[in-house]
Amino acid sequence: MIDGKIPILAIGFDVDTDPQAKEALRVFTTPNPGDLTPKLLCTRQYPTTDWLPREPMLGGILVDGDRVNPQATLTALRQEFPQTPIVVVSGQGDLEVPMMMAGADDCVNRQHFSPEGLAMVWRVLFRGYRSGDRSSNPSGTSWGIQEEDCDISHPGGDRQELEARISEQSRLIAAQHQELKRQREQIRRQHLAILEASRMKSAFLSTVSHELRTPLNVIIGFSQLLLRKKNSTLTPVQTQTLQCIFNNGKQLLSVINDIIERSKLEAGASELQPKEFNVVQLVTSIAGNARWLCEQKGLELKVEAKVDNPRVIQDHQGVRRVVSNLLANALKFTEEGNISVRIWEMTPDRLAIAVSDTGIGIAPEHLKRIFTAFEQLDNSLARNYNGVGLGLALVDSLVKIMKGSIYVESAQGEGSTFRVELPRSVVDAYANEPRESYEPREPYHFLKKQAS
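Residues numbered from 1 in each chain as written. Predicted model: local features only at pLDDT ≥ 70, side-chain atom pairs only at ≥ 80, totals over all residues. Heavy atoms only, no water.

### Focus on helix H8 (residues 279-296)
For H8, which comprises 18 residues, the first-to-last C-alpha distance of 27 Å matches the rise-based estimate of 26 Å (1.5 Å per residue) to within 8%. Every buried residue belonging to H8 is among Val279, Val280, Leu282, Val283, Ile286, Ala287, Ala290 and Cys294, and all of these are buried. In the core, the buried residues of H8 are packed alongside strand E6 (274-278), strand E7 (300-306), strand E8 (311-315), helix H9 (316-332), strand E9 (338-347) and strand E10 (350-357). Its side-chain oxygen 3.1 Å from the backbone nitrogen of Val280, Asn278 forms the N-cap of H8. Looking one or two residues past H8, Gly298 carries a phi angle of roughly 75°, positive in sign. (Helix = DSSP H or I, 4+ residues; strand = E, 2+ residues; numbered from the N terminus. Expected span 1.5 Å × (residues − 1). Buried < 20%, exposed > 50% of the residue type's maximum accessible area, 1.4 Å probe, protein only. Contact = heavy atoms within 4.5 Å. Polar contact = N/O pair within 3.5 Å; in protein donor to acceptor, adjacent residues only side chain to side chain.)

### Section: helix H1 (residues 19-29)
Buried residues of H1: Gln20, Ala21, Ala24, Leu25 and Phe28, and no others. The buried residues of H1 all sit within an arc of 125° when viewed along its axis, so they share a single face. Across from the buried face of H1, at angles greater than 90 degrees, the exposed residues are Pro19 and Lys22. At the N-terminal boundary of H1, the capping side chain belongs to Asp18, with an oxygen 3.2 Å from the backbone nitrogen of Gln20. (Arc of directions from axis to C-beta.)

### Here we look at the pattern of salt bridges
Scanning the model with the defined rule gives 14 salt bridges in all. Among the salt bridges present, the one from Asp16 reaches Arg44, with a minimum N-O distance of 3.7 Å. Of the two residues, Asp16 sits in the loop between strand E1 (6-11) and H1 while Arg44 sits in the loop between strand E2 (38-43) and strand E3 (60-64), which places them 28 residues apart along the sequence. The exposure class assigned to Asp16 is exposed, which follows from its relative accessible area of 65%. In this structure, a network of salt bridges that share partners links the residues Asp14, Asp16 and Arg44. (Salt bridge = Lys/Arg side-chain N within 4 Å of Asp/Glu carboxyl O.)

Printed below as a string of structure tokens:
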């Protein structure tokens with residue numbers, strides 16, 4: 001004991017980047033009347049030349065098992081301090097047995113405790129190591145220290161009362177640990193049940209949608225065949241009825257296809273199929289198919305391409321689906337004005353596709369909802385715009401699969417712009433992606449939020 005404090009060697013703790021460890025060590029070393037007061041000797045690793053044992057006696061050793069090699073560290077410590085109590089702190093639940101076999105006296109799972117709880121556990125454990133049980137001097141000499149100086153147990157009071165207090169605290173900690181294990185297992189089972197329910201839902205939607213799509217294609221095909229017949233004997237009313245059947249069938253087929261695609265994405269069954277193609281030609285073709293719809297609504301459609309090299313290696317169907325859904329969304333919510341489609345090179349390795357309209361726009365408070373599946377800004381039965389709310393959700397999912405980003409710029413009453421940025425080669429994008437990423441990735445970004 002030095003100046004009334006118990007020297008504790010702390011190995012591996014990084015107080016600059018680990019706020020839990022910083023707070024736990026602060027609470028641990030805070031003087032507590034009637035209790036031990038630790039004096040920390042800190043080092044990032046062991047063995048080390050940064051720290052030399054100038055203290056005549058160590059009361060204990062704390063090791064951060066998540067930041068050092070615990071096996072090698074414990075081996076070195078046991079050679080130098082064969083009798084000193086060692087406590088390993090780790091967030092990995094499967095380290096307890098290996099650490100105890102390697103020489104640790106205790107292994108504490110930091111995930112089960114707050115910083116204050118960790119400090120309390122450390123105090124309880126080190127109070128339990130009483131003098132005479134261990135000696136930190138491997139040579140066996142006493143260095144002139146009396147036995148009572150090595151005692152890190154409670155400095156006053158009855159020994160039996162102290163042991164009873166430690167026993168009760170240990171019992172409470174063990175009970176809390178068991179309760180946390182039970183809750184963690186319950187959460188794990190609930191999580192698995194939710195995943196299974198989601199998988200079954202996606203499988204059900206996919207199966208039902210396929211069963212609906214087959215007869216629907218027959219209806220659309222026969223109605224289209226009758227409409228195209230040159231020498232038709234149909235009356236104008238019958239022709240109008242067939243046209244209504246054809247148009248509504250196409251609309252229903254589009255909804256079913258969206259449900260099937262969404263189910264595949266949720267189930268992880270939608271695979272990327274990269275191939276080389278002319279992206280300008282693809283975008284121009286999609287815009288051309290939508291031109292007659294724009295003319296029916298009296299809208300002007302503009303297409304602009306500024307690309308030196310139109311060849312890309314991407315998912316052809318994915319790009320087609322993204323552009324088609326964005327155009328369909330613009331057509332749905334635009335009654336007058338124009339729709340523009342632009343494609344340009346941002347860098348030699350990255351392209352951008354933007355679809356702009358002069359439609360109703362989106363209010364700032366609704367921007368975060370537009371990419372949610374089955375979510376519509378107007379969910380009432382009397383809404384003016386039909387659909388099930390899957391178009392933008394599919395766009396968001398497909399863009400992420402193709403290693404791209406989607407940006408939204410909108411002002412209520414003025415219109416919206418959806419800009420998609422994609423790598424020229426999705427194969428290179430996946431090859432250059434780090435295996436582990438600790439930064440959360442936003443699936444979309446808001447460039448402007450304005451009210452009318």
